Amino acid sequence: MREGLLLLERLQVEVVEELAPEHCFRADTISFSVAIYPEADRVRSAWYDDLTARETDAAKYKKVLAYLARYGATENWEMRVDNGWMRYWFNPSDEVAMVYGVHGDVIRFNQYREVSAE
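Since this is a predicted model, take the numbers as computed values, not measurements.

**Q** Before we go on, may I ask you to explain the sheet that holds strand β3 (residues 32-39) in this structure?
**A** Strand-to-strand pairing in sheets goes through backbone hydrogen bonds, with the strands running parallel or antiparallel. The antiparallel open sheet is built from eight strands, whose spatial order is β1-β2-β3-β4-β8-β7-β6-β5. The open sheet has two free edges, formed respectively by β1 (15-18) and β5 (78-82), since each of these has just one partner strand. Averaged over all pairs of adjacent strands, the angle between strand axes in this sheet comes to 20°, irrespective of strand direction. Judged from the four bridges that link them, β5 and strand β6 (residues 86-91) form a sheet pairing that is antiparallel. Residue pairing across strands places Val81 opposite Tyr88, the latter belonging to β6. On the sheet, helix α1 (residues 2-9) packs against β1, β2 (24-28) and β3 and is oriented at approximately 160° with respect to β3. Packing of helix α2 (residues 57-70) onto the sheet brings it into contact with β4 (42-50), β6, β7 (96-101) and β8 (106-111), and relative to β7 it is tilted by some 160°.

Reading the values: the criteria
- Residues numbered from 1 in each chain as written.
- Predicted model: local features only at pLDDT ≥ 70, side-chain atom pairs only at ≥ 80, totals over all residues.
- Heavy atoms only, no water.
- Pairing = 2+ DSSP bridges.
- Helix = DSSP H or I, 4+ residues; strand = E, 2+ residues; numbered from the N terminus.
- Axes fitted to C-alpha atoms, helices over the stretch in contact; angles between N-to-C directions.
- Contact = heavy atoms within 4.5 Å.

Right under this line is the structure:
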């Protein structure tokens, strides 16, 4: 968590602590917004809203692939749900999930562990 807060402070904008609807630390710049969500002394989630590559679906797709590659090998990712608004990607090997808002181009990464239904 400390490293996450230091990264936000390096943006040289105000870092705001929000308690609702979820506890997070958020920074808004001219070109993007970012938030980190704490769990004890760790960052459990990161949220991004940036304007890059929103012009076409092909540009958005390339951007999504670039984000996925940041958080594990591309072949470890699987898109499991697309409800027309959000796409849910899972990477059980690296214990991370990504949710992508297809219209707003907002991306959130969450830590998770896949649990067997057995």
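Okay, back to it.
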